[in-house]
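Single-letter residue listing:
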Amino acid sequence: QVHLVESGGGLVQPGGSLRLSCVASGVISSINVMGWYRQVPGSQRELVAAVTSGGITNVADSVKGRFTISRDTAKTTVYLQMNSLKPEDTAVYYCNADGRLWRQWGQGTQVTVSS
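Residues numbered from 1 in each chain as written. Predicted model: local features only at pLDDT ≥ 70, side-chain atom pairs only at ≥ 80, totals over all residues. Heavy atoms only, no water.

**Brief notes about the nonpolar core**
Part 1 of the reasoning: Counting 29 residues, the largest nonpolar core has Met 34, Trp 36, Leu 80, Met 82 and Tyr 93 as the members making the most contacts within it.
Part 2 of the reasoning: Among the elements of the structure, β1 (2–7), β3 (18–26), β4 (33–39), β5 (46–52), β7 (67–71), β8 (77–82), β9 (91–98) and β11 (109–113) are those that each provide at least two residues to this core.
Part 3 of the reasoning: Residues in contact with Met 82, not counting those within four places in the same chain, are Gly 16, Ser 17, Leu 18, Leu 20, Arg 66, Phe 67, Tyr 93 and Val 111. (Core = buried A, V, L, I, M, F, W, Y, C linked by side-chain atoms within 4.5 Å. Buried < 20%, exposed > 50% of the residue type's maximum accessible area, 1.4 Å probe, protein only. Helix = DSSP H or I, 4+ residues; strand = E, 2+ residues; numbered from the N terminus. Contact = heavy atoms within 4.5 Å.)

Listed below in C-alpha coordinates is the structure:
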(Lines give C-alpha, C1' and ligand atoms only; values in the text may rest on other atoms or scores of the structure.)
Protein backbone atom coordinates (compact mmCIF):
# COMPACT_ATOMS: atom_id res chain seq x y z
CA GLN A 1 0.00 0.00 0.00
CA VAL A 2 1.30 3.43 -0.99
CA HIS A 3 -0.10 6.79 0.05
CA LEU A 4 0.63 10.01 -1.87
CA VAL A 5 0.37 13.58 -0.60
CA GLU A 6 0.81 16.53 -2.95
CA SER A 7 1.64 20.13 -2.18
CA GLY A 8 2.76 23.29 -3.93
CA GLY A 9 -0.17 24.31 -6.09
CA GLY A 10 -1.58 27.80 -6.19
CA LEU A 11 -2.16 30.92 -8.24
CA VAL A 12 0.65 32.29 -10.37
CA GLN A 13 0.90 34.88 -13.11
CA PRO A 14 1.77 33.88 -16.68
CA GLY A 15 5.51 33.43 -17.01
CA GLY A 16 5.86 32.52 -13.36
CA SER A 17 7.04 29.34 -11.70
CA LEU A 18 5.75 26.79 -9.22
CA ARG A 19 7.16 23.60 -7.78
CA LEU A 20 4.88 20.71 -6.91
CA SER A 21 5.93 18.05 -4.44
CA CYS A 22 4.54 14.58 -3.87
CA VAL A 23 5.56 12.57 -0.85
CA ALA A 24 5.04 8.82 -0.97
CA SER A 25 4.71 6.66 2.10
CA GLY A 26 4.18 2.95 2.55
CA VAL A 27 5.86 0.23 0.51
CA ILE A 28 8.14 2.56 -1.47
CA SER A 29 10.16 -0.29 -2.92
CA SER A 30 7.10 -1.50 -4.84
CA ILE A 31 6.89 1.71 -6.88
CA ASN A 32 8.06 1.39 -10.50
CA VAL A 33 7.06 4.79 -11.83
CA MET A 34 6.01 8.08 -10.27
CA GLY A 35 4.58 10.94 -12.22
CA TRP A 36 2.30 13.89 -12.58
CA TYR A 37 -0.94 14.10 -14.51
CA ARG A 38 -3.30 17.01 -14.94
CA GLN A 39 -6.96 17.38 -15.65
CA VAL A 40 -9.29 20.22 -16.56
CA PRO A 41 -13.08 19.94 -16.29
CA GLY A 42 -14.58 18.06 -19.20
CA SER A 43 -11.27 16.60 -20.34
CA GLN A 44 -9.38 13.40 -19.73
CA ARG A 45 -6.52 13.26 -17.29
CA GLU A 46 -3.28 13.64 -19.23
CA LEU A 47 0.30 12.72 -18.46
CA VAL A 48 2.56 15.67 -17.74
CA ALA A 49 5.77 13.92 -16.74
CA ALA A 50 6.95 10.68 -15.17
CA VAL A 51 10.13 9.17 -13.80
CA THR A 52 10.97 5.50 -13.40
CA SER A 53 12.71 3.93 -10.43
CA GLY A 54 15.80 3.83 -12.63
CA GLY A 55 15.64 7.58 -13.25
CA ILE A 56 14.33 7.57 -16.81
CA THR A 57 12.04 10.53 -17.42
CA ASN A 58 9.20 11.11 -19.85
CA VAL A 59 7.84 14.62 -20.38
CA ALA A 60 4.82 15.61 -22.45
CA ASP A 61 5.56 17.63 -25.56
CA SER A 62 3.24 20.40 -24.38
CA VAL A 63 5.48 21.14 -21.39
CA LYS A 64 8.87 20.02 -22.65
CA GLY A 65 11.52 22.67 -21.99
CA ARG A 66 9.38 24.32 -19.31
CA PHE A 67 8.64 21.54 -16.79
CA THR A 68 11.16 19.25 -15.13
CA ILE A 69 10.43 16.15 -13.10
CA SER A 70 12.85 14.87 -10.48
CA ARG A 71 12.93 12.41 -7.63
CA ASP A 72 14.93 12.48 -4.41
CA THR A 73 17.59 9.86 -3.77
CA ALA A 74 15.43 8.12 -1.18
CA LYS A 75 12.76 7.84 -3.89
CA THR A 76 10.10 9.03 -1.49
CA THR A 77 9.43 12.41 -3.07
CA VAL A 78 8.87 13.45 -6.65
CA TYR A 79 8.97 17.07 -7.76
CA LEU A 80 7.57 18.91 -10.73
CA GLN A 81 9.33 22.19 -11.40
CA MET A 82 7.11 24.30 -13.63
CA ASN A 83 8.61 27.36 -15.30
CA SER A 84 7.27 29.79 -17.89
CA LEU A 85 3.74 28.88 -16.92
CA LYS A 86 0.92 29.61 -19.35
CA PRO A 87 -2.81 30.01 -18.77
CA GLU A 88 -3.36 26.70 -20.54
CA ASP A 89 -1.36 24.98 -17.79
CA THR A 90 -4.26 25.69 -15.44
CA ALA A 91 -5.55 22.36 -14.13
CA VAL A 92 -5.73 20.07 -11.16
CA TYR A 93 -2.43 18.25 -10.95
CA TYR A 94 -2.38 14.71 -9.62
CA CYS A 95 0.57 12.74 -8.37
CA ASN A 96 0.62 9.12 -9.51
CA ALA A 97 2.52 6.01 -8.54
CA ASP A 98 2.51 2.73 -10.46
CA GLY A 99 3.53 -0.64 -9.15
CA ARG A 100 3.56 -3.91 -11.03
CA LEU A 101 -0.16 -4.54 -10.61
CA TRP A 102 -1.53 -1.37 -9.04
CA ARG A 103 -1.90 2.38 -9.51
CA GLN A 104 -2.34 4.98 -6.81
CA TRP A 105 -3.34 8.65 -7.05
CA GLY A 106 -2.88 11.63 -4.80
CA GLN A 107 -5.73 13.94 -3.90
CA GLY A 108 -4.79 16.57 -6.48
CA THR A 109 -3.59 20.14 -6.20
CA GLN A 110 -4.97 23.11 -8.13
CA VAL A 111 -2.65 25.16 -10.32
CA THR A 112 -4.10 28.36 -11.73
CA VAL A 113 -2.15 30.55 -14.14
CA SER A 114 -3.81 33.91 -14.51
CA SER A 115 -3.05 37.60 -14.43
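More follows now that the structure is in view.
**Some words on the packing of aromatic side chains**
Part 1 of the reasoning: On inspection of all chains with the given rule, the structure shows 2 aromatic pairs.
Part 2 of the reasoning: Ring geometry for Tyr 37 and Trp 105: centres 5.0 Å apart, planes at 75°, overall edge-to-face. With Tyr 37 in strand β4 and Trp 105 in strand β10 (residues 103–105), the pair connects residues that are 68 residues apart, well separated along the chain.
Part 3 of the reasoning: Centroid distance Tyr 94 to Trp 105: 6.4 Å. Interplanar angle 85°. Geometry classified as edge-to-face. Separated by 11 residues along the polypeptide, Tyr 94 in strand β9 and Trp 105 in strand β10 bring together distant segments of the chain.
Part 4 of the reasoning: One aromatic cluster in this structure is built from Tyr 37, Tyr 94 and Trp 105. (Phe/Tyr/Trp six-rings, centres within 6.5 Å; stacked < 30°, edge-to-face > 60°.)

**A short note on the environment of Asn 58**
Part 1 of the reasoning: In this fold, Asn 58 is placed in strand β6 (residues 57–59).
Part 2 of the reasoning: Owing to a relative accessible area of 43%, Asn 58 belongs among the partly exposed residues under this scheme.
Part 3 of the reasoning: Sequence separation of Asn 58 and Met 82 is 24 residues, and the distance between their C-alpha atoms is 15 Å.
Part 4 of the reasoning: Discounting chain neighbours no more than four positions away, the residues touching Asn 58 are Leu 47, Val 48, Ala 49 and Ala 50.

**Here we look at the side chain of Arg 38**
Part 1 of the reasoning: Along the chain, Arg 38 falls in strand β4.
Part 2 of the reasoning: Among the polar contacts listed, one links the side chain of Arg 38 to the side chain of Glu 46, at a separation of 2.7 Å.
Part 3 of the reasoning: Only 3.0 Å separates the side chain of Arg 38 from the side chain of Asp 89, close enough to count as a polar contact.
Part 4 of the reasoning: When residues no more than four places from it in sequence are discounted, the contact partners of Arg 38 are Gln 44, Arg 45, Glu 46, Val 48, Ser 62, Val 63, Phe 67, Glu 88, Asp 89, Ala 91, Val 92 and Tyr 93. (Polar contact = N/O pair within 3.5 Å; in protein donor to acceptor, adjacent residues only side chain to side chain.)

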